[in-house]
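# Residue-level structure breakdown
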Amino acid sequence: MIDVPDTKLAGEATRLVRESTSDLIYHHSRRVYFWGALQGRNRGLSYDPELLYIGAMFHDLGLNEEHRGSGRRFEVDSADAARRFLREHDVPEDSIRRVWTAIALHTTPGIPEFMEPEVALVTAGVEYDVLGIGFHDLSDEQRRQVTALHPRPGFKRAILRAFTEGVAPRPETTFGNVKADVLERYVPGFQRRDFVDTILESPWPE
């Protein structure tokens, strides 16, 4: 079993996330750390457990109500929250950059896997927990151990509600990313922006 980093920084991150978000997001975020770390072990990646943990714990904070009027992608709000936290704790800027990037790109498949291990593994953990990508890369026993600590009753529907509530007030931020699928399914009247139409209707004459 993977351990959570036993550091002051990780402990303060845990408290902050536990106090500022829902049980759903807290347990999901902890599972993302475990899945990402286990996938990192499977892939033979050398990563900083503390940075992976911070990335996992903060990755969905931008869904919180206080961010919904920002007009920015929730991933950026989440990444900025992590950056503020890390700067307050005098973490080196290169480490902060890795965490920021890991969070900002966690819903942009096909890119993080080619970046630093912490970036790749936050996305791997999210994809495992939400989408089931690589489900059989881990054993039944590994899944049992993690979900015993952080259960996921009704998780699929609950996380879709959380995505909808967190993103619906800023529908323009879903252009070109996976959250447009969520709003199209659950928000009556939502119409996704079309990339081709955006090109053809741009102010350029040709």
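A quick note: this is a predicted structure, and the numbers were derived from the prediction, not measured.

What follows deals with empty space enclosed by the protein. What the rule picks out here adds up to one cavity of 30 Å³ or more. Quantified by volume, the largest cavity comes out at close to 40 Å³. Taken together, the residues that form the lining of the largest cavity break down as two nonpolar, three polar and three charged.

The next thing to look at is the pattern of salt bridges. Under the definition given, this model contains 18 salt bridges. Close ionic contact of K8 with E12 constitutes a salt bridge, the shortest N to O distance being 4.0 Å. Of this pair, K8 and E12 are both found in helix 1 (residues 8–20), four residues apart, which corresponds to roughly one turn of the helix. For D140, the salt bridge goes to R143, with nearest N and O atoms at 2.3 Å. Residue D140 and its partner R143 are located together in helix 7 (residues 140–149), separated by three residues, close to a single helical turn.

The next point concerns the side chain of Q142. Tracing the backbone shows Q142 in helix 7. With residues up to four places along the chain from it excluded, the contact list for Q142 reads W35, L38 and R41.

Within helix 3 (residues 49–58), eight of the ten residues are buried, which leaves the element mostly enclosed by the surrounding structure. For helix 3, every residue scored as buried is listed here: L51, L52, Y53, I54, G55, A56, M57 and F58. The inward-facing, buried residues of helix 3 abut helix 1, helix 2 (23–43), helix 4 (74–88), helix 5 (93–104) and helix 6 (117–131). For helix 3, the N-terminal capping position is held by D48, with its side-chain oxygen 2.9 Å away from the main-chain nitrogen of E50.

The biggest cluster of nonpolar side chains holds 40 residues, and the ones touching the most others in it are Y33, L52, I54, F58, F85, L86 and V99. The residues contacting L86, other than those within four sequence positions of it, are L9, I54, V91, I96 and V99. In this structure, I25, F155, A162 and L183 belong to the second largest nonpolar core, which totals twelve residues.

What counts and how
Residues numbered from 1 in each chain as written. Predicted model: local features only at pLDDT ≥ 70, side-chain atom pairs only at ≥ 80, totals over all residues. Heavy atoms only, no water. 1 Å grid on protein atoms, 1.4 Å probe; cavity = no way out; pocket = protein on both sides within 12 Å on 5 of 7 lines; lining within 4 Å. Points joined across faces, edges and corners; volume = space filled by probe spheres on them. Nonpolar A, V, L, I, M, F, W, Y, C, P; charged D, E, K, R; others polar. Salt bridge = Lys/Arg side-chain N within 4 Å of Asp/Glu carboxyl O. Helix = DSSP H or I, 4+ residues; strand = E, 2+ residues; numbered from the N terminus. Contact = heavy atoms within 4.5 Å. Buried < 20%, exposed > 50% of the residue type's maximum accessible area, 1.4 Å probe, protein only. Polar contact = N/O pair within 3.5 Å; in protein donor to acceptor, adjacent residues only side chain to side chain. Core = buried A, V, L, I, M, F, W, Y, C linked by side-chain atoms within 4.5 Å.

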